[in-house]
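Here is how the chains run, residue by residue.
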Amino acid sequence: MQFRDLKAQYKALKPQIDSAIQSVLDSSEYILGNQVATLEELLANYVGRKHCIACANGTDALQLALMAMGVGRGDAVFTSDFTYFASAGAASFLQAEVIFADIHERTFNLSPESLENAIQRVISDGKYLPKVIIPVDLFGLPADYSQIIPIAEKYNLKILEDGAQGFGGKIADKKACSFGDISITSFFPAKPLGCYGDGGAIFTDDDATAECLQSLRTQGRSKRNRYEHCQVGINSRLDTLQAAILLEKFKAFTEYELRDVNRAADWYTKRLEHAVKTPYVPNGYYSSWAQYTIRLQDMETRDRVQCALKEQGIPSMVYYPLALHQQKVYAGTEAEDTAYPHTLQAVKTVLSLPIHPYLKEEEADRIAKIVIDNI
Ligand SMILES: *Cc1c(COP(=O)(O)O)cnc(C)c1O
């Protein structure tokens, strides 16, 4: 069994994808071919934003967004203690100070209370200038923007939405990647909408920001002349091949994959909700299920369940085994363990089960039984 069955997906889409790839080879427009612009327009419309700027991967998308926001040395950037490294790493790479906040106990997403405490602490310390909040739409569930946006406004901070795992999710009718001043996503193969290599995208409604991002992804070149550089940028574009693949995958994503992955999550929840802590989706929220993450009683139980699954040939993952403040590169900065009780509980007890749109009900059934038999 596969953790995320990309082979089953390719099998279902093979004729379309093969011909999309062939048409790029025939055109020989490998860099910023017309498929890239078509995809950008399609994705911007889908999430409900004015601009989409595709780039090489989700980490670059975060970095480019922070560059466009003018983040650098002396600035404080706030993010969740429980996320993939890139959410924080992109800010550190630009020499900003990353300040971690704890998560909400049930959603795994940034806790508004902990965030506000962290902001007030930085303000009263006076060492760094609070600048940006990076909420993460972890495991496919949008963060609590109804509370995070007012905090950003109160302290005059910008929001950079890390929607790398969140594409396709929504709160009421408002889609993930539409909540930040700038929002990003990733097309890494295992993400909700993945390509066949690396890829990413940035979203914004602001014309000047969009123009700046377009320049930054092509070495800071000016709009009028490709060999004139008005700022220092990076080289981070989405390959035409990946854009062509994504155009085909996007159809499947919107036509049935998003629906089917939610169906798979429901199968698990129905079978597991009385036995373990299943993922919590607040009222009005819709997840794109980048992960289906349960919580076990303690670390021993978690490890026992994972071993039992492995013995039956079923892969499972611990996302994430370390809080970011425990990572070596962040140790000693804000590493007060008492400030992150929910993150510390999560790293010991979480387990992500196989989930993807091509999961079968019998498979969910079998996996749920093994979990229940081993708690
Ligand atoms: C995957 C991921 C990224 C980085 O995306 P890449 O395309 O792998 O660079 C950033 N943030 C989160 C939360 C992610 O899961």
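All figures in this text were calculated on a predicted structure; none of them were measured in a lab.

## A closer look at the overall build of the chain
Helices and strands together make up the secondary structure of the chain, namely eleven helices and twelve strands. Relative to a compact globule of 375 residues, whose C-alpha radius of gyration would be 21 Å, the chain shows 21 Å and is just as compact. Across the 375 residues in the chain, those meeting the buried criterion constitute 56%. Contacts in the chain between residues far apart in sequence, at least 24 positions, make up 72% of those at least 6 positions apart. Looking at the chain as shown, the accessible area adds up to about 16,500 Å², and 50% of this sits on carbon and sulfur atoms. Mean positive and mean negative side-chain charge positions of the chain (39 and 47 charges, respectively) differ by 3 Å.

## Considerations on the side chain of Arg-49
Relative to the helices and strands, Arg-49 is located in the loop between helix H2 (34-47) and strand S1 (51-55). At a separation of 3.2 Å, a polar atom in the side chain of Arg-49 contacts the side chain of Ser-183. Here Asp-205 takes part through its side chain, which lies 3.2 Å from a polar atom of the side chain of Arg-49. Discounting chain neighbours no more than four positions away, the residues touching Arg-49 are Ala-44, Cys-177, Ser-178, Phe-179, Gly-180, Asp-181, Ser-183, Phe-203, Thr-204 and Asp-205.

## Observations concerning the site of the ligand
Taken together, 14 residues surround the ligand, and among them Gly-58, Thr-59, Gln-165, Ser-186 and Lys-191 come closest. Between Asp-162 and the ligand, the recorded distance is 2.8 Å, taken from a side-chain N or O atom to a nitrogen atom. Residue Gln-165 places a side-chain N or O atom 2.7 Å away from an oxygen atom belonging to the ligand. When the ligand sits alone it has 380 Å² of accessible area, and the protein chains cover 93% of it. Mapped onto the shell around the ligand, the elements with two or more residues apiece are helix H3 (58-68) and helix H4 (86-93). Taken together, the residues of the shell around the ligand sort by class into four nonpolar, eight polar and two charged.

## Remarks on the pattern of salt bridges
Within this structure, the stated rule accounts for 15 salt bridges. A salt bridge links Asp-75 to Lys-131; the nearest nitrogen and oxygen atoms lie 3.2 Å apart. Here Asp-75, found in strand S2 (residues 75-80), pairs with Lys-131, found in strand S4 (residues 129-134); they are 56 residues apart in sequence, far enough to count as distant. Residues Glu-361 and Arg-271 are paired through a salt bridge, measuring 3.0 Å at the closest nitrogen-oxygen approach. With Glu-361 in helix H11 (residues 361-373) and Arg-271 in helix H8 (residues 240-272), this residue pair connects regions lying 90 residues apart in the sequence.

## Focus on the sheet that holds strand S9 (residues 200-204)
A sheet is described by the order of its strands in space; here seven strands give the open sequence S1-S9-S8-S5-S4-S2-S3, paired in mixed fashion. The strands lining the two open edges of the sheet, one partner per strand, are S1 and strand S3 (97-101). In this sheet, adjacent strand axes meet at a mean angle of 25 degrees when their direction is disregarded. Relative to S4, S2 runs parallel, the two being bridged by five bridges. Among the inter-strand pairings, Ala-76 is bridged to a residue of S4, identified as Pro-130. The sheet strands contacting H3 are S1, S4, strand S5 (158-162), strand S8 (182-186) and S9, and the helix crosses S8 at an angle near 165 degrees. The sheet contacts of helix H6 (residues 145-154) involve S4 and S5, and relative to S5 the element is tilted by about 150 degrees.

## Remarks on the nonpolar core
Membership of the largest hydrophobic core comes to 57 residues, with the highest contact counts inside it found for Leu-43, Phe-82, Phe-167, Tyr-268, Ile-294 and Leu-353. In terms of residues, this core owes the most to one element, H8, which gives twelve residues. Looking at which domains feed residues into this core, each of domain 1 (6-102 + 109-248) and domain 2 (256-373) gives three or more. In contact with Phe-82, other than residues within four places in its own chain, are Ile-103, Phe-108, Leu-138, Phe-139, Tyr-319, Tyr-320, Thr-343, Ala-346, Val-347 and Val-350.

## Section: the sheet that holds strand S7 (residues 174-175)
The strands that make up a sheet pair up through hydrogen bonds in the backbone, lying either parallel or antiparallel. The strand order S7-S6-S10 describes an open sheet built from three strands, whose pairing is antiparallel. The sheet is open, and its two edges are formed by S7 and strand S10 (285-286), each paired on a single side. Here two bridges tie strand S6 (residues 170-171) to S10, and the two strands are oriented antiparallel to one another. Following the sheet pairing, Ile-171 is matched in S10 by Tyr-285.

## Details of the pairing of strand S11 (residues 292-295)
A two-sided burial pattern is seen for S11, the buried positions comprising Tyr-292 and Ile-294 on one face and Thr-293 and Arg-295 on the other. In this sheet, strand S12 (residues 350-353) lies alongside S11 in antiparallel orientation, the contact comprising four bridges. If you follow Thr-293 over to S12, its bridge partner there is Ser-352.

## A few points about unusual backbone geometry
Cis peptide bonds are those with omega within 30 degrees of zero, and the linkage from Tyr-319 to Tyr-320 qualifies with 5 degrees. Here Tyr-320 lies in the loop between helix H9 (299-311) and helix H10 (341-349). Residue Leu-32 is not a glycine yet carries a positive backbone phi of 45 degrees. Here Leu-32 is to be found in the loop between helix H1 (6-27) and H2. Residue classification places Leu-32 among the partly exposed positions, given a relative accessible area of 31%. Phi at Gln-219 is positive, roughly 60 degrees, even though this residue is not glycine.

About the criteria used
- Residues numbered from 1 in each chain as written.
- Predicted model: local features only at pLDDT ≥ 70, side-chain atom pairs only at ≥ 80, totals over all residues.
- Heavy atoms only, no water.
- Helix = DSSP H or I, 4+ residues; strand = E, 2+ residues; numbered from the N terminus.
- Rg over C-alpha atoms; globule rule 2.2 N^0.38 Å.
- Buried < 20%, exposed > 50% of the residue type's maximum accessible area, 1.4 Å probe, protein only.
- Contact = heavy atoms within 4.5 Å.
- Areas by Shrake-Rupley, 256 points an atom, 1.4 Å probe, with all protein chains shown as cover.
- Lys, Arg positive; Asp, Glu negative; His and termini not counted.
- Charge placed at Lys NZ, Arg CZ, Asp CG, Glu CD.
- Polar contact = N/O pair within 3.5 Å; in protein donor to acceptor, adjacent residues only side chain to side chain.
- Near = heavy atom within 4 Å.
- Nonpolar A, V, L, I, M, F, W, Y, C, P; charged D, E, K, R; others polar.
- Salt bridge = Lys/Arg side-chain N within 4 Å of Asp/Glu carboxyl O.
- Pairing = 2+ DSSP bridges.
- Axes fitted to C-alpha atoms, helices over the stretch in contact; angles between N-to-C directions.
- Core = buried A, V, L, I, M, F, W, Y, C linked by side-chain atoms within 4.5 Å.
- Domains from an automatic or database assignment.

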